[in-house]
Every structure is written in C-alpha cells, then in structure tokens.
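# Notes for the structure review
Chain by chain, the residues:
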Amino acid sequence: NAGVMQNPRHLVRRRGQEARLRCSPMKGHSHVYWYRQLPEEGLKFMVYLQKENIIDESGMPKERFSAEFPKEGPSILRIQQVVRGDSAAYFCASSPRATANTEAFFGQGTRLTVV
Amino acid sequence: DQQVKQNSPSLSVQEGRISILNCDYTNSMFDYFLWYKKYPAEGPTFLISISSIKDKNEDGRFTVFLNKSAKHLSLHIVPSQPGDSAVYFCAASLPDKLIFGTGTRLQVFP
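Residues numbered from 1 in each chain as written. Chains lettered and ligands numbered in written order. Predicted model: local features only at pLDDT ≥ 70, side-chain atom pairs only at ≥ 80, totals over all residues. Heavy atoms only, no water.

## Things to note about the environment of A:P70
Residues and elements named next belong to chain A. Position of P70 among the secondary structure elements: in the loop between β7 (65-68) and β8 (75-79). Residue P70 is classed as partly exposed on the basis of its relative accessible area of 26%. When the C-alpha atoms of P70 and N53 are compared, they prove to be 8.2 Å apart, with 17 residues separating the residues in sequence. Once residues lying within four places of it in the same chain are set aside, the contact partners of P70 are K51 and E52. (Helix = DSSP H or I, 4+ residues; strand = E, 2+ residues; numbered from the N terminus. Buried < 20%, exposed > 50% of the residue type's maximum accessible area, 1.4 Å probe, protein only. Contact = heavy atoms within 4.5 Å.)

The structure is reproduced here in structure tokens:
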C-alpha cells in the first residue's frame, strides 16, 4: 500500500512563474491537507480538501494560491506568480476521515525554491 | 496566535538516558494530541497520540503524558537511541486540521 506521494520532490521556479505541486493520497483516503514549512519554522496549515470540495482554506494566502482535489487524479496546489518568500517545503497529508481523533499521513514534501 | 507551543528548540541527550520533550497548548477545545517525528528532507511520520480522556499512553520506548489542567503534554523516550535524533513536532487536532508546534530538535549522542 503506497504512502502519500508528492511530486516533484524539488521544484525550482523563477520569480513570476507558476508552481504546481501534486499530491496523491493513500489508497482509500479522501481527505487531503496541505501544509507549508518555512525554514526554521513549524508546519503551518494551508487548506483541507475532500474530493471536489474545499472544506477549510483559512491558512491559504488570499492571492496567488489555489488548491483543488478533483474527482479523478491528484490534489494540486497551485502558486501563481511566485515570489522569493514562497520558497518553502510544502507537505501534503491524507487521512481516511477528518483529522479529529485520528492521525494524518504525510508525504515526503515538495521543496520549492524561487530564484 | 500560537496555539501549540514547543518552547525548547533543541535538546541534547546521551544515549541510554531519557529524553523529555514538552508541549503547551492554549485552546481547551483540543481533545486529541499527536507527536510526529521528522528527519531532514522527509515528511513527518506519526509517532504516538493521546486522547484528552486519558493522561498517559505508552508504545514501546515512547510514552506521552497529558496534563489537561496545565494544558501541557510531554513525550518521554527511554532509553534514547542515536536513531531517535530528529525534529519532534507536537500537534493538536481540530475537526478539519492539525495545529503544529514549531518543533524540538533532539540530538542523541553516544
């Protein structure tokens, strides 16, 4: 049973380009969460999605960031017009149900570097 | 607003001794707590959890203690091993997200 798969592992983008980060949850998991870790900081919640629905996006920056989890295919975190401050590790996690009273399983992350 | 706090950024412990990692929280609505371990360039991996109806949960060398009145939990690792060297994150569960602390870097030396 494969774990949470994220790709790419490393992504380099020039300022102003778009970054697309993909996450395939564990088999049977329909709840996906995206977290961002800035250097020397903890993981900050960004968004929680179920299939085709955004449940909670309270941690997402208001502009340039969007997320989706289509009926078919992986979840996508999209960052438009990237800036240097977007450089971070982005982690996806999945769970079989909402996180209350259960653990979420994390992928290995995508390390975004904006040059 | 930092709802989950890990006030010690780092901890150094000798192999074989006990490691104690601490975590404080402010939101009394949290009713489930988790510890994750993270190696460099990898994602966090689940270690152990505890429900607020308990004050202790044990799994092998790892024990988590919860003091609800103090809004404090701790992770005990005994005996500590060099392979335990990693960053440990405390997390508190809400219905739609996990709130993480900033982590404590544990180093176990021979």
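## A look at the pairing of β7(A)
All names here are of chain A. A one-sided burial pattern is seen for β7, the buried positions being F65 and A67 and the unburied ones S66 and E68. Bridge count for β7 against β8 is four bridges, and the pairing is antiparallel. Across the sheet, S66 pairs through a bridge with R78, a residue of β8. Here β7 folds back onto β8 in antiparallel fashion, the turn holding six residues, of which G73 has a positive phi close to 100°. (Pairing = 2+ DSSP bridges.)

## With respect to a nonpolar patch on the surface
A cluster of nonpolar side chains, B:I18, B:I20 and B:V78, forms an exposed patch at the surface whose accessible area comes to about 230 Å². With respect to the helices and strands, B:V78 occurs in the loop between β8 (72-77) and β9 (86-94). (Patch = residues over 30% accessible without salt bridge, like charges linked within 9 Å, V, L, I, M, F, W, Y side chains within 5 Å. Areas by Shrake-Rupley, 256 points an atom, 1.4 Å probe, with all protein chains shown as cover. Salt bridge = Lys/Arg side-chain N within 4 Å of Asp/Glu carboxyl O.)

## Quick look at the interface of chain A and chain B
At the junction of the two partners, chain A supplies 24 residues and chain B supplies 21 residues. Contact between chain A and chain B buries roughly 1800 Å² in total, counting both sides, with carbon and sulfur atoms accounting for 55%. Applying the counting criterion to the chain A and chain B interface returns five residue pairs in polar contact (both at pLDDT 80 or more). Looking at the side of chain A that touches chain B, the elements with two or more residues in it are β4 (31-37) and β5 (43-50) of chain A. Sort the elements by how many residues they give to the side of chain A that touches chain B and β5(A) lands first, with four residues. Looking at the side of chain A that touches chain B residue by residue, the classes come out as 10 nonpolar, eight polar and six charged. (Buried area = accessible area lost by both parts, 1.4 Å probe. Polar contact = N/O pair within 3.5 Å; in protein donor to acceptor, adjacent residues only side chain to side chain. Nonpolar A, V, L, I, M, F, W, Y, C, P; charged D, E, K, R; others polar.)

## Thoughts on the sheet that holds strand β1 (residues 5-7) of chain A
Residue and element names in this part refer to chain A. Taking strand neighbours across the sheet as the criterion, the four strands line up as β1-β3-β8-β7 in an open arrangement whose pairing is antiparallel. Bordering the open sheet on either side are β1 and β7, each of which pairs with just one other strand. Taking each pair of neighbouring strands and ignoring which way they run, the sheet shows an average axis angle of 15°. Strand direction decides the pairing type here: strand β3 (residues 19-24) and β8, joined by five bridges, are antiparallel. For R20, the partnering residue across the bridge sits in β8 and is R78. (Axes fitted to C-alpha atoms, helices over the stretch in contact; angles between N-to-C directions.)

## Some points on the sheet that holds strand β1 (residues 4-5) of chain B
Residue and element names in this part refer to chain B. Strands sit in the order β1-β3-β8-β7-β6 across an open sheet of five strands; the sheet is antiparallel. The outermost strands of the open sheet, each flanked by one partner alone, are β1 and β6 (56-59). With six bridges connecting them, strand β7 (residues 62-67) and β8 associate as antiparallel partners. Bridged to F65 within β8 is S74.

## Side note on unusual backbone geometry
In this structure, the amide linkage connecting A:N7 to the following residue, A:P8, adopts the cis form with an omega of -5°. Its place among the elements puts A:P8 in the loop between β1 and β2 (10-13). Going from B:V78 to B:P79, the amide bond is cis rather than trans, its omega being -10°. The topology assignment puts B:P79 in the loop between β8 and β9. A positive phi angle is found at A:E52, which is not glycine, with a value near 70°. Owing to a relative accessible area of 55%, A:E52 belongs among the exposed residues under this scheme. Even without a glycine there, the phi angle at B:A41 is positive, about 65°. Note that B:A41 resides in the loop between β4 (32-38) and β5 (45-51). With a relative accessible area of 43%, B:A41 lands in the partly exposed category.

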